Amino acid sequence: MSVLFLSHRGESDDAPENTLRAFALAISRESDGIELDVRLTADKQVVCCHDEDLQRVAGVPVKVAEADLADLRRHHPVPLLAELLDILPENMHLQVELKGDPAVVPYCREVIAGSSRVFNLAISSFERETIAAAAGAFPGLPRLLLTDLEAEFGRFPTAAQVVEMLAPLKCGVSFKASFAVDADFVNELRAAGLRVVGWGVFNDELGLHLARTGVDAMTCNHAVALREKYRKICAQ
């Protein structure tokens, strides 16, 4: 299976992250898919935003959970998840990271269920409680625990240790990219039935290494350009 290069928060090297511009750029470049973050606003809207507030992206300390959608949009073009689903090509891969506590889960499920279109969807979160809640809300969909494996274990773990960690959650893993990962590690995880994804691909050397290990997918701010670089290397 070929590795999927997912546009991290859209093609966010060339457009503001988690905006319709960044998502549309990923679509126009025919990215393999999009990874994004969602949060719940005070008026219970599911919006695409990574941080708890708008300080980093807009220079204002407005907290997403304490503001209505209209309040947020006075400062930054925060899109609804539903607005992305309206423009996302059918069968395109989409990885939705659930931010905050599990309260976002049923609202996210309602948005996704409300779309009549078909997507290759995966759910991810750093929060174990949220991933557990997503099991009932999204039956049959791949779920991924986001983690920094070296920070989690104090060193890079064995595949068996990762499988044991994930067993209670019955989900796959999206781990911080590392040169410590090799093909044997990935193959052991996949042999255990796990979906294997990498994040934190901050330079091409690391991304190309991760692709060679055979992960199912990785997220990158310039996913399309990295994919083309990888394909050229493979064709040599």
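This is a predicted model, so every value here is computed, not measured.

## Observations regarding the overall build of the protein chain
- Assigned secondary structure in the protein chain consists of 11 helices and 9 strands.
- For 236 residues, the compact-globule estimate of 2.2 N^0.38 gives 18 Å, and the C-alpha radius of gyration of the protein chain, at 17 Å, lies within 12% of that figure.
- If you line up the protein chain on its principal axes, its C-alpha atoms span 50 × 40 × 35 Å.
- Burial analysis of the protein chain (236 residues in total) assigns 51% to the buried set.
- Excluding contacts between residues fewer than 6 apart, the proportion of contacts in the protein chain whose partners are at least 24 apart in sequence is 62%.
- When the accessible surface of the protein chain is split by element, carbon and sulfur atoms take 50% of a total near 10,700 Å².
- For the protein chain, the distance from the average position of its 24 positive side-chain charges to the average position of its 34 negative side-chain charges is 2 Å.

## What about the packing of helix α10 (residues 204-212) against helix α11 (residues 223-235)?
- Where α10 contacts α11, the axes come no closer than 10 Å and their chain directions differ by 60 degrees. Taken together, the axes of α10 and α11 lie oblique to each other. Crossing of α10 against α11: the hand is right-handed. Between α10, through D204, G207, L208, A211 and R212, and α11, the contact on the second element is made entirely by L226, K229, Y230 and I233.
- Grouping the constituent residues of the contact of α10 with α11 by class yields 5 nonpolar, 1 polar and 3 charged.

## Notes on the state of the cysteines
- According to the stated counting rule, one finds 0 disulfides in the structure shown.
- Unpaired in this structure, C48 has its nearest cysteine sulfur neighbour in C49, at a distance of 8.9 Å.
- The thiol sulfur of C108 is not disulfide-bonded, and the nearest other cysteine sulfur, from C48, lies at 9.2 Å.
- Owing to a relative accessible area of 0%, C108 belongs among the buried residues under this scheme.

## Description of unusual backbone geometry
- Unlike most non-glycine residues, N18 shows phi in positive territory, near 50 degrees.
- Relative to the elements of secondary structure, N18 occurs in the loop between β1 (4-8) and α1 (20-28).
- The phi torsion at N91 lies on the positive side, around 70 degrees, for a residue other than glycine.
- Note on placement: N91 falls in the loop between α4 (81-87) and β4 (93-98).

## Points about α11
- With 13 residues, α11 should cover 18 Å at 1.5 Å per step; its first-to-last C-alpha distance of 18 Å lies within 8% of that length.
- For α11, every residue scored as buried is listed here: A223, V224, L226, R227 and Y230. With its buried residues spanning 160 degrees around the axis, α11 presents them on a single face. Away from its buried face, by an angle of more than 90 degrees, α11 presents the exposed residues K232 and A235.
- Buried residues along α11 sit in contact with β1, α10 and β9 (217-220).

## Here we look at the environment of G100
- Locating G100 in the fold gives a position in the loop between β4 and α5 (104-113).
- We classify G100 as partly exposed; its relative accessible area is 35%.
- Linking G100 and E129, residues 29 residues apart in sequence, is a C-alpha distance of 10 Å.
- Excluding anything up to four places from it in sequence, G100 contacts R39, E127 and T130.

Cut-offs used in this document
Residues numbered from 1 in each chain as written. Predicted model: local features only at pLDDT ≥ 70, side-chain atom pairs only at ≥ 80, totals over all residues. Heavy atoms only, no water. Helix = DSSP H or I, 4+ residues; strand = E, 2+ residues; numbered from the N terminus. Rg over C-alpha atoms; globule rule 2.2 N^0.38 Å. Buried < 20%, exposed > 50% of the residue type's maximum accessible area, 1.4 Å probe, protein only. Contact = heavy atoms within 4.5 Å. Areas by Shrake-Rupley, 256 points an atom, 1.4 Å probe, with all protein chains shown as cover. Lys, Arg positive; Asp, Glu negative; His and termini not counted. Charge placed at Lys NZ, Arg CZ, Asp CG, Glu CD. Axes fitted to C-alpha atoms, helices over the stretch in contact; angles between N-to-C directions. Parallel < 35°, antiparallel > 145°, perpendicular 65-115°, else oblique. Left-handed = near helix turned anticlockwise from the far one by under 90°. Nonpolar A, V, L, I, M, F, W, Y, C, P; charged D, E, K, R; others polar. Disulfide = S-S within 2.5 Å. Expected span 1.5 Å × (residues − 1). Arc of directions from axis to C-beta.

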